[in-house]
Amino acid sequence: MSDKAPSATIRNPVWATAQKECVGTALGSSRLWFTIGRGMVTEVFYPRIDIPQIRDLGFIIADDQGFWQELKVLPDYTIELVDPGIPFPTIHHRHDRFTFTLQVCADPGRDVLLLDFTLEGDASLRPYLLCAARLGEDAEQNQAWVGEWDGRPMLWAEQGPFGIALACRNPEGFSALTRCSVGEVGASDLWQDFNQHGRMSWNYQEAGPGEVALGAQLPRTGTLALGLGTTKETAATLAWSSLAEGFAAVSASYRHGWQSWHQIDEVPAALQAKLPIEAQILYSRSTNVLRVHEDRTFPGALVASLSVPWGESSDSRGGYHLVWSRDLVESAGALLAMGAHREARQILAYLISTQQGDGHWLQNQWLGGKPFWQGIQLDEAAFPVLLAAGLHAQDALAGIAVEDMVSRALRFIIREGPCTGQDRWEEDSGINTFTLAVAIAALVDGAEFLTGRARDCALMVADDWNARLEDWTFVTDTDLSRRFEVPGYYLRITPSDILQHDGAKQEWVLIKNRVQDPHLAAREQVATDFLQLVRYGLRSADDAPIAATVVVMDGLLKTETPSGPVWHRYNGDGYGEHLDGRPFDGAGRGRGWPLLVGERGHYAISAGEDALPYIETMTRMTGRGGLLPEQVWDSDPIPEKGLFPGKPSGSAMPLVWAHGEFIKLCHSYVLGHPVDRPAATWRRYQGKPAQPDFRVWRFRQQVARLRAGQLLRVLLVAPFVLRWGINGWQTIQETASEDWVFGHVAILPIQTLQPGETVQFTIRWQAGDQWQGEDFQLAID
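Below is a summary of the structure that appears in this document. As the structure is a computational prediction, the values presented were derived from the model and not from experiment.

### Thoughts on the packing of aromatic side chains
Geometrically, a pair of aromatic rings is defined through the distance of the ring centres and the angle of the planes. Under the counting rule described, the total for this entry stands at 31 aromatic pairs. Taking 5.1 Å as the distance between ring centres and 45 degrees as the angle between the ring planes, the aromatic pair formed by F59 and F100 counts as tilted. Note that F59 is positioned in strand 4 (residues 52-62) and F100 in strand 8 (residues 98-106), a separation of 41 residues in sequence. Considered together, F59 and F100 belong to a single accessibility category, that of buried residues. Ring geometry for Y320 and W324: centres 5.7 Å apart, planes at 80 degrees, overall edge-to-face. The exposure class of W324 is buried, given its relative accessible area of 5%. Through pairs of rings, three or more aromatic residues link up here, namely W697, F699, F720, F761, W765 and F776.

So, in structure tokens, the structure goes:
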């Protein structure tokens, strides 16, 4: 047999899993993160949290006589956390012939993952290691070797500046790797060996370049070390150093780091007094999830999840190992609620450093700021402003200079709004209530950092958009309103043409992620997004349009499950498994989101209702390891695919945003109002629509009618002169614009005109001598 492993032609089945049951990292100098899924280590990250260095590390139990069992396909396993505040899992895999017990922790002082294992039962059985490397950004260029380091057997893999080493010791401290082999995934790895021969028969000494896997026979009891470093030799030295110290000592240090952190950020006494024990456990675990998902190379950068949605069927490079400014600030809001000001400031500093030149943030990005997707989402330009305002409200900015960031962000919001290139679900453009609520709040709270005309401009636009919310996003007298016996409801999203004519609400809005689009008009689509209007203080919970839309939302989007009610994003959503349980593959059927249970709970608080049922529902929707998923299954059970109503689907788990929402819901429950409600926005509106004595006219937002007694404010991007008259160009005057920092404004003093009168005007840019060539007119009502 050649020492070189054959190259791959096919892939092994199920090399990854979307459902993480535990995520962990050491709170020390170590730069290593790990995830647990299906009772095994599914990914290890180093030195950055957005690029996994191994795809999975699992075990096969075999007797060398034809019997073999891969642990990750065994359904009968349990995960225990002795202390729910510490991500230190004990995993038990049970089979008729054996029990395999595994404990996992990261070394706080070294970039090493330790796995302590014991095999009990049939004496003829032995455990075998199977590890798939994924070093660097190109998994197809990894190389692997069987070798020795300082006289001890070692499994190695390397690509460029990244290396890993696997070593094992028995309880007496002796090296315990035996019968080692490396191969290429799908052709010559250990899984293929067992699949073809029923036993370990290969002993390849090197493999690659390609996607490589490392395998070896292990003792029945021992400790395995996965070292990571800039070379395979560095990784080997770290691995054996950790083994030499021993699992007991390393794990004690690991636990101590987490205990110390929780002593700093304890569960507040008020929460302990009001929350049931299950909710307290999830609260503590949620704080861990936030802490684990922060990078060490880029402090303040939290990825959305250490998972890839439906990872079993996806080869996505990014998955959710990316930074979204929206998810990041939603998580920072939870940290602010906890009083973790230092961590929240780190997030703000990271956001300031990654703001784009025109004031917006990328749709999502790698940790270092490199773009991944490049859509434009208006709420993602607004959320960092709210984080700065939240820290300022708690007197916790600690000298961070935010004025430049705020000014650039507000300039972008004013220039691009009220429309967004994508809603928060990254699907459609137009005017969306969630996005607009965040943008208006950013303008109002951001104005606290401004003075003079810049402040005036931000508040002018905020008031105008607030006053126009129902004009743009509310519809009446439809089939849905008659079905639910309400006057009307807020739309999921309204096409941008609504700024020009009301007929836009009847335009078709594409629903993505569907095999066949249902061709629903905007007026036929409803979402949960309008709840943000209440949460941020733009409308009250008992406001008639809000109350009516709650009826429609609950009727269309709520599903009852054994865990409690759960809400879908919008009617017709296709982002989720197919009806038969097949993974989402670009199309499917949308499922319920625990995150939206939290948002519905926040509305309940604003409405004076008890939010505890929503807290308890979220606690019941966690997975086997106590983590919150992106979505839960809400159809009939499909046991063979692990899909049960009210429990995690194959979507991302954990979703950091969902854990942040749970933390905030707990604090809001105690406070009696949303903990992340922007302070200045609440002071200005207190749940009531704005009633400005003016209307704003822009080229993209042309006002056709004005209420008697109102002024007209024309807002444009450059200096200009208005030539205007009334009632058919009578009494012609010219008014020059003024610089209001975020735009140039001309005010027409027409508040004395009576209903039935008209105003005509045209525009000349001050940089030129030509009039616009078009007359504009509006009527007084």
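### Quick word on the state of the cysteines
In this structure the tally under the stated criterion is zero disulfides. No disulfide involves C105; its nearest neighbouring cysteine sulfur is the one of C22, lying 11 Å away. Judged by its relative accessible area of 0%, C105 is buried. Looking at C666, it has no disulfide partner, and the nearest cysteine sulfur is the one in C22, 20 Å off.

### Digging into the pattern of salt bridges
Here the structure, examined in full by the defined rule, presents 46 salt bridges. The salt bridge partner of D676 is R535, with a shortest N-O separation of 2.9 Å. Here D676, found in the loop between helix 17 (656-671) and helix 18 (679-685), pairs with R535, found in helix 13 (residues 531-535); they are 141 residues apart in sequence, far enough to count as distant. Residue D676 shares its accessibility class with R535, and that shared class is buried. Residue D573 is joined to R569 by a salt bridge in which the shortest nitrogen-to-oxygen separation is 2.8 Å. The buried category is assigned to D573, whose relative accessible area is 5%. For R569, a relative accessible area of 2% translates into the label buried.

### As for the packing of helix 16 (residues 612-620) against helix 17
Running from amino to carboxyl end, helix 16 crosses helix 17 at an angle of 150 degrees, the nearest separation of the two axes being 10 Å. As far as their axial angle goes, helix 17 and helix 16 are roughly antiparallel. In this structure, helix 16 crosses over helix 17, and the sense of that crossing is left-handed. For the pair helix 16 and helix 17, the contacting residues are L612, Y614, I615, M618 and T619 in the first and A658, F662, L665, C666 and Y669 in the second. Tallied by class, the residues present in the contact of helix 16 with helix 17 amount to nine nonpolar, one polar and no charged.

### Comments concerning unusual backbone geometry
A negative phi angle characterises most non-glycine residues, just as the trans form characterises most peptide bonds. Cis rather than trans, the peptide bond between G417 and P418 has omega equal to 5 degrees. With respect to the helices, strands and loops of the structure, P418 is situated in the loop between helix 9 (403-416) and helix 10 (433-446). For the peptide bond that leads from M653 to P654, omega is 0 degrees, which places it in the cis range. Positive phi outside glycine occurs at D477, with the angle close to 55 degrees. Relative to the assigned elements, D477 resides in the loop between strand 18 (474-476) and helix 12 (479-483). A relative accessible area of 53% means that D477 is categorised as exposed.

### Quick look at helix 14 (residues 544-557)
Between its terminal C-alpha atoms helix 14 stretches 20 Å, which fits the 20 Å expected from 14 residues at 1.5 Å a residue. Along helix 14, the positions that sit buried rather than exposed are P545, I546, A548, T549, V550, V552, M553, D554 and L557. Among the structural elements, strand 18, strand 19 (488-490), helix 13, strand 20 (558-561), strand 21 (564-567) and helix 15 (594-606) are those in contact with the buried residues of helix 14.

### Let's talk about the sheet that holds strand 28 (residues 744-748)
If you trace the four strands from one edge of the open sheet to the other, you get 22-24-28-27, paired in mixed fashion. Since the sheet does not close on itself, it has two edges, and those belong to strand 22 (694-697) and strand 27 (738-739), each with one partner. Relative to the sheet, helix 11 (residues 452-473) contacts strand 22, strand 24 (711-716), strand 27 and strand 28, its axis offset from that of strand 22 by approximately 100 degrees.

### What to know about the sheet that holds strand 23 (residues 705-706)
Pairing within the open sheet is mixed, and its five strands lie in the order 23-30-29-25-26. Pairing within the sheet leaves two strands with one partner each, and these edge strands are strand 23 and strand 26 (730-736). Sheet topology places strand 23 next to strand 30 (residues 776-780); two bridges connect them, and they run parallel. Looking across to strand 30, one finds that R705 is bridged to A779.

### Here's the deal with the packing of helix 5 (residues 277-292) against helix 17
Closest axis-to-axis distance for the helix 5/helix 17 pair is 9 Å, and the angle between their directions is 135 degrees. The angle between helix 5 and helix 17 places the two elements in the oblique class. As helix 5 packs across helix 17, the resulting crossing turns out to be left-handed. Contact residues: helix 5 offers A279, L282, Y283, S286, T287, V289 and L290, while helix 17 offers V656, H659, G660, F662, I663, C666 and H667. Residue composition of the contact of helix 5 with helix 17, grouped by class: nine nonpolar, five polar and no charged.

### Notes on the nonpolar core
Grouped together as the largest cluster of nonpolar side chains are 217 residues, with contacts concentrated most on L57, L224, L410 and I413. With near-sequence residues (within four places) excluded, L57 lies in contact with M40, V41, L115, L129, L130, C131, L166, L224 and L226. V703, L706, V714 and L753 belong to the second largest nonpolar core, which has 20 residues in total.

### Re the pairing of strand 9 (residues 112-121)
Of the strand pairs in this sheet, strand 8 and strand 9 are connected by nine bridges, and their pairing is antiparallel. Each residue of the ladder has a partner; that of V104, found in strand 9, is L115. Connecting strand 8 to the antiparallel partner strand 9 that follows it, the hairpin turn spans five residues. Examined bridge by bridge, strand 9 and strand 17 (residues 221-229) share seven bridges and lie antiparallel to one another. Its bridge partner being in strand 17, L113 is matched across the sheet by L226.

### Topic: helix 8 (residues 378-393)
Because the α-helix completes a turn every 3.6 residues, residues three or four places apart line up on one side. Compared with the 22 Å implied by 1.5 Å per residue over 16 residues, the 23 Å span of helix 8 between its first and last C-alpha is a close match. Within helix 8, 14 of the 16 residues are buried, which leaves the element mostly enclosed by the surrounding structure. Where helix 8 ends, the next residue or the one after it, D395, has phi of about 55 degrees, a positive value.

Quick notes on the rules
Residues numbered from 1 in each chain as written. Predicted model: local features only at pLDDT ≥ 70, side-chain atom pairs only at ≥ 80, totals over all residues. Heavy atoms only, no water. Phe/Tyr/Trp six-rings, centres within 6.5 Å; stacked < 30°, edge-to-face > 60°. Helix = DSSP H or I, 4+ residues; strand = E, 2+ residues; numbered from the N terminus. Buried < 20%, exposed > 50% of the residue type's maximum accessible area, 1.4 Å probe, protein only. Disulfide = S-S within 2.5 Å. Salt bridge = Lys/Arg side-chain N within 4 Å of Asp/Glu carboxyl O. Axes fitted to C-alpha atoms, helices over the stretch in contact; angles between N-to-C directions. Parallel < 35°, antiparallel > 145°, perpendicular 65-115°, else oblique. Left-handed = near helix turned anticlockwise from the far one by under 90°. Contact = heavy atoms within 4.5 Å. Nonpolar A, V, L, I, M, F, W, Y, C, P; charged D, E, K, R; others polar. Expected span 1.5 Å × (residues − 1). Pairing = 2+ DSSP bridges. Core = buried A, V, L, I, M, F, W, Y, C linked by side-chain atoms within 4.5 Å.

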